[in-house]
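# Topology and contacts: notes
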Amino acid sequence: ITATATRHAELLTSAGIDYALIDITNWPGNSTVTDVAVIRPTQILFEEWYRLREQGKPTPQLSVWPCSPAGSNTWQILLDTI
């Protein structure tokens with residue numbers, strides 16, 4: 001995971017990309033599937049890039065665009081987790 005996240009950051013920053021948006025608008029509710037497909041991978045990316053930044057390695061800034069219609073809870077799970 002660390003090698004992949006590092007290489008990903010290197011490729012993006014070398015291409016001049018300094019901002020990445022994670023689109024989670026198709027995942028309005030939290031479930032086991034949402035956790036496995038969206039929440040945990042997003043958390044891991046944030047954690048890995050945070051570690052790289054602590055080591056002085058550049059990474060793009062990250063932002064998450066969650067689905068937030070009435071009754072949605074994915075945005076809250078993201079806030080609590082990340």
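A brief structural summary. Remember, it's a predicted structure, so these values are computed and weren't measured experimentally.

## Focus on the overall build of the protein
Helix and strand counts for the protein come out as three helices and two strands. Listed N to C, the secondary structure of the protein is α-β-α-β-α in terms of helices and strands. C-alpha extents for the protein along the principal axes are approximately 40 × 20 × 15 Å. Sequence separation of at least 24 residues holds for 71% of the intrachain contacts in the protein that already meet a minimum separation of 6. Just so you have it, the protein exposes about 5300 Å², and 56% of that area is on carbon and sulfur atoms.

## Brief notes about the nonpolar core
In terms of nonpolar packing, the biggest core is built from 13 residues, with Ile22, Ile24, Leu45, Trp49 and Leu62 touching the most fellow members. Of all the secondary structure elements, the ones that give two or more residues to this core are helix H1 (2-14), strand E1 (19-24) and helix H2 (32-54). For this core, the leading source of residues is H2, giving five residues. Setting aside its immediate chain neighbours within four residues, Leu45 contacts Ile22 and Leu62.

## Considerations on the pattern of salt bridges
As enumerated under the stated definition, the model contains three salt bridges in all. The closest approach of N and O atoms between Glu10 and Arg7, which form a salt bridge, is 3.7 Å. Of this pair, Glu10 and Arg7 both sit in helix H1, three residues apart, which is roughly one turn of that helix. Accessibility expressed as a relative area gives 46% for Arg7, which makes it partly exposed. Where Arg51 meets Glu48, a salt bridge forms, and the shortest distance between an N and an O atom there is 3.0 Å. Of this pair, Arg51 and Glu48 are both found in helix H2, three residues apart, which corresponds to roughly one turn of the helix. The exposure class of Arg51 is partly exposed, given its relative accessible area of 41%. Exposure remark for Glu48: the relative accessible area of 9% places this residue in the buried category.

The rules behind each value
- Residues numbered from 1 in each chain as written.
- Predicted model: local features only at pLDDT ≥ 70, side-chain atom pairs only at ≥ 80, totals over all residues.
- Heavy atoms only, no water.
- Helix = DSSP H or I, 4+ residues; strand = E, 2+ residues; numbered from the N terminus.
- Contact = heavy atoms within 4.5 Å.
- Areas by Shrake-Rupley, 256 points an atom, 1.4 Å probe, with all protein chains shown as cover.
- Core = buried A, V, L, I, M, F, W, Y, C linked by side-chain atoms within 4.5 Å.
- Buried < 20%, exposed > 50% of the residue type's maximum accessible area, 1.4 Å probe, protein only.
- Salt bridge = Lys/Arg side-chain N within 4 Å of Asp/Glu carboxyl O.

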